[in-house]
Amino acid sequence: LRTDSKALACLPGFPACFQALIRETELILMKFNPLSGLRGEITIPGDKSISHRSVMFGSLAKGTTKITGFLQGADCLSTISCFRKMGISIENLEDTVLVHGNGLHGLKKPDSVLDCGNSGTTTRLISGILSAQNFSVTLTGDASIQKRPMKRIMDPLSQMGADITSVNGNGCAPLAINGRTLHGIHYQSPVASAQVKSAILLAGLYAEGETKVTEPSLSRNHTELMLKEFGADVRTEKTTAIIRPAEELFAKEIAVPGDISSAAFFLAAGLMIPHSELLIKNVGINPTRDGMIHVCRAMGGDLTLLNVRMTGEPVADILVRTSSLHGTDIHGDIIPTLIDELPMIAAMACFAEGDTIIRDAAELKVKESNRIAVMAENLSAMGADVEETVDGMIIHGGKPLHGATIDSHLDHRIAMTFAITAALAEGETEILGAECVNISYPDFYQDLNKLAQ
Ligand code: S3P
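The model shown is predicted, which means the values in this text are computed figures rather than measured ones.

## So, the site of the ligand
Around the ligand, the neighbouring residues are K48, S49, R53, T121, R124, S193, A194, Q195, R220, I339, D340 and K367. A distance of 2.7 Å separates an oxygen atom of the ligand from a polar side-chain atom of R53. T121 is positioned with one of its side-chain polar atoms (N or O) 3.3 Å from an oxygen atom of the ligand. Those elements that provide at least two residues to the shell around the ligand are helix 3 (48-60), helix 5 (120-130) and helix 7 (194-204). When its residues are assigned to classes, the shell around the ligand shows 2 nonpolar, 4 polar and 6 charged.

Given below as structure tokens:
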């Protein structure tokens, strides 16, 4: 792994003036060469979804919520900044975050627009909370957020009595929300989306009567698990989550497990890069998130779960060894459990014998980038045989890849996927916008570098 001096400027520890200079060009390039033999141990940074929720629910609870393992990525820092603007005192200490909650009705009107940055989770979940406050607020985010669909939360929240509109009338952020009294609904969600489900459940905390969300397949259930810990009356029946209004939530200690979506890059690297043996420590293996483990095994991956334990959520250390992989079919209910891992899985399929077919994954088109188009474009540039389909991809594996210039489209998971893919390609790969890993895994390149040595 080699980084050029420009790229190093975006890494932690470099002078702020240098970073600013590079940021102006918004094109940070990193160069990668093939790797052999990743060995050693790695502790994965905190789960992004759980980190967001710990700050949100801590802000709405009575008392001080102590969070360990919080992900210090740009997305989660956006959530902290939004709640600080609404009067919540949050101490972001080195190893711990302390959220001094003001209770369920303790948020204050912010004196400016709330900026959710690149974070869909912040935008959508906060919208559910804000729909029920006694003030008006405008939410926005970066260029990517302003293109992502918000009608999927605006529709159900409006059915609950919310006054939420897209300022530019295009169904995207900025969103103007005037707090209202809400009532419960039973929403049949057309998509399996934890962000949609969570926005509705959070509005349901404040609504009159019961609120139910039924999904086509079960999406990640961190909101349900953690709200229960904070004292809410929430339960799940098959793919329906049900919540009753709460009088108060109560502060908790939260130990955030490592993010399986971040671990996925090292799982794939450990399986694919010759002579590798990696112990990936403290990985959250919640069954609504563990599809990557099933797919790696279905492809012939040698992967062992060790030290399985509960820390509010199930956690394990994962031992992974170089394996010879074969293609597989991925579709149906497993899709929401590995939705963020599909870019890495698609790249991994290029190094597997035979075809891999990914279906039922149209949601990939509305993530931080259109991940079907962007994966097909970049893998093809490296010489892979990939077909884009309406709701996924077909990858004809086994063709050797070569280095290329990769456009990350400022999508963190695309940048990390190609840093790993580059390790297996012949020649040099350049990644444009490589600094966007800051969104979910600020130390990603340093961690990869350490394992490669
Ligand atoms: C998330 C839910 C998923 C996932 C995103 C985080 C969450 O999005 O892709 O990275 O924290 O609830 P959708 O709800 O849009 O599927």
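Back to the text.
## With respect to the sheet that holds strand 10 (residues 186-188)
A sheet is described by the order of its strands in space; here 4 strands give the open sequence 10-11-13-12, paired in mixed fashion. The sheet terminates laterally at strand 10 and strand 12 (233-237), the two strands that pair on one side only. Shown here is a sheet whose adjacent strand axes are inclined to one another by a mean of 15 degrees, direction ignored. In the sheet, strand 12 pairs with strand 13 (residues 240-244) via 5 bridges, with the strands oriented antiparallel. Paired with D233 across the bridge in strand 13 is R244. Its contacts with the sheet put helix 8 (residues 222-229) on strand 12 and strand 13, and the angle it makes with strand 12 is roughly 145 degrees.

## A look at the pairing of strand 9 (residues 175-178)
Where a strand is regular, its side chains alternate between the two sheet faces. Residues L175 and I177 line the buried face of strand 9, whereas the alternating positions A176 and N178 sit on a face that is not buried. Sheet topology note: the strand 7 (residues 136-140)/strand 9 ladder contains 4 bridges and is antiparallel. Residue pairing for strand 9: T138 is matched across the bridge by A176. Pairing between strand 8 (residues 163-166) and strand 9: 4 bridges, direction antiparallel. In the sheet register, T165 faces strand 9, and the bridge partner there is A176.

## Remarks on the nonpolar core
Ranked by size, the top nonpolar core spans 78 residues in total, and within it F266, I280, L342, M348, L379, F444 and Y445 carry the most contacts. Sort the elements by how many residues they give to this core and helix 9 (residues 260-272) lands first, with 10 residues. Leaving out residues up to four positions away in the same chain, I280 has contacts with I42, I44, A263, F266, L267, A316, D317, I318 and V320. Formed by 66 residues, the second largest nonpolar core is a distinct cluster that contains I67, C82, C116 and I145.

## Focus on the packing of aromatic side chains
In the structure shown here, the tally under the stated rule is 7 aromatic pairs. For the ring pair F32 and Y445, a centre distance of 5.8 Å and an interplane angle of 40 degrees mean the geometry is tilted. One end of the pair, F32, is in strand 1 (residues 29-32); the other, Y445, is in helix 14 (residues 444-452), and 413 residues separate them in sequence. Accessibility assignment for this pair places F32 and Y445 in one class, buried.

Procedures and definitions
Residues numbered from 1 in each chain as written. Predicted model: local features only at pLDDT ≥ 70, side-chain atom pairs only at ≥ 80, totals over all residues. Heavy atoms only, no water. Near = heavy atom within 4 Å. Polar contact = N/O pair within 3.5 Å; in protein donor to acceptor, adjacent residues only side chain to side chain. Helix = DSSP H or I, 4+ residues; strand = E, 2+ residues; numbered from the N terminus. Nonpolar A, V, L, I, M, F, W, Y, C, P; charged D, E, K, R; others polar. Pairing = 2+ DSSP bridges. Axes fitted to C-alpha atoms, helices over the stretch in contact; angles between N-to-C directions. Contact = heavy atoms within 4.5 Å. Buried < 20%, exposed > 50% of the residue type's maximum accessible area, 1.4 Å probe, protein only. Core = buried A, V, L, I, M, F, W, Y, C linked by side-chain atoms within 4.5 Å. Phe/Tyr/Trp six-rings, centres within 6.5 Å; stacked < 30°, edge-to-face > 60°.

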